[in-house]
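# Close look at the chain arrangement
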Amino acid sequence: MTGRSVATIVSAVLLASVSACTNFFEVPIETPISAKMDVSAFRRVLVAGFISGGTDDVDANLETVRLLRSQLRSKSGLRVIEAEVLPLAELAADKVKASNTSGPAVPQGAADAQPVAPVPQLPGAAPGVSTDGKIRTQKDLDKYQSIFADVAFWKKIGEEYENPLIVTGTVLFTPQQTSGFVTRNVEQYDQLGRRTVVPMRAYMERKGFAITPKFIFIDGRTGATLHSETITEQVLYNAQQNTPALSSYFELMDKILPTFLGTLSTQKIRGTRVLLR
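As a starting point, this report considers the structure included with it. None of the values given here were measured: they were computed from a predicted structure. (Residues numbered from 1 in each chain as written. Predicted model: local features only at pLDDT ≥ 70, side-chain atom pairs only at ≥ 80, totals over all residues. Heavy atoms only, no water.)

## Describing the overall build of the chain
Heads up, the rule is: Only DSSP runs of H or I reaching four residues or more are called helices, and only runs of E reaching two or more are called strands; each is numbered from the N terminus. The classification of residues rests on relative accessible area computed with a 1.4 Å probe and restricted to protein chains. Under 20% of the type maximum is buried, over 50% is exposed, and intermediate values are partly exposed. The contact rule is simple, with two residues in contact once any of their heavy atoms fall within 4.5 Å. Only the protein chains shown count as cover for residues, and all accessible areas are computed by the Shrake-Rupley method using a 1.4 Å probe.
A tally of regular secondary structure across the chain gives six helices and eight strands. Element order for the chain, N to C, with α for helix and β for strand: α-β-β-α-β-α-α-α-β-β-β-β-α-β. For the chain, buried positions account for 33% of its 277 residues. Considering only contacts in the chain between residues 6 or more positions apart, those separated by 24 or more positions represent 72%. Counting every atom, the chain has about 18,000 Å² of accessible surface; 54% of that belongs to carbon and sulfur.

Right, dumping it as structure tokens:
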């Protein structure tokens, strides 16, 4: 018997076996993904507040705190602390003003030196920085980043709430508008009424929102940063579609929450496998 004949017989046997498997059924499976942080040293978690900006249509600080606390109650083993949401942007702004007004120390022997005239501040602002005093862009947020490195500040917060794990950070939620060619599926019917779907490219104007939260996890016992993670998501709609900003916020955060929760606790990804019988 030649090798080709053997291969033909084996193929026939396999084909007969597969043909006999007329029943297909799905088996659910779960794949665990380990947490990025070891939070075993903490029993409580405080979602303190966020420095937020981008649009006035959504209070991203308040909404993010509420959403994360709700998720942590049901999907984390840590006890969520109910506390007032910190106005973190205002606290950070006060610290920036205090550091600007307290000039550098005068060295010894320089008491008789001639005073130096202050450098005049030119009107306007640097490119990408808002001129109305509100947080609109990432550059506006960058001015307040120093508060997250203030170990004494966060240690004091931790002592007030019995040394929990502190969750804080920034949230930039900004409107987006773009235009260009988009591929979409179009239904077509022939003379016999048969339906086909054909991809077509069309020029469209779209609008929506983008969100960039930066989650910072701080040890309430020491005030030191344990971990930080930045995530960006975007959603765009047809220009004629009127979608409320708050709806877009929750739609985007729904995509981000699994990554956030996966930082603190082991998550399970559910799926299915198809078996033959």
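## With respect to helix 6 (residues 245-264)
Worth spelling out the cut-off: Given a helix with a known number of residues, its expected span is that number minus one, times 1.5 Å. Throughout, bend refers to the angle between the axes fitted to the seven residues that end at a position and the seven residues that start at it.
Over its 20 residues, helix 6 runs 28 Å from end to end, which matches the ideal 28 Å to within 8%, given 1.5 Å per residue. Along helix 6, the sharpest change in direction is near 40° and occurs at Ile256; proline Pro258 comes one to four residues later. All of the buried residues in helix 6 are Ala245, Ser248, Tyr249, Leu252, Met253, Ile256, Leu257, Phe260, Leu261, Gly262, Thr263 and Leu264.

## Points about the pairing of strand 2 (residues 44-53)
Under the convention used in this document: Note: two strands are recorded as paired if DSSP finds a minimum of 2 bridges between them.
Most of strand 2 sits out of view: ten of its ten residues are buried. As judged from the two bridges shared by strand 2 and strand 3 (residues 79-80), these two strands associate in the parallel manner. The partner of Val45 across the bridge, within strand 3, is Val80.

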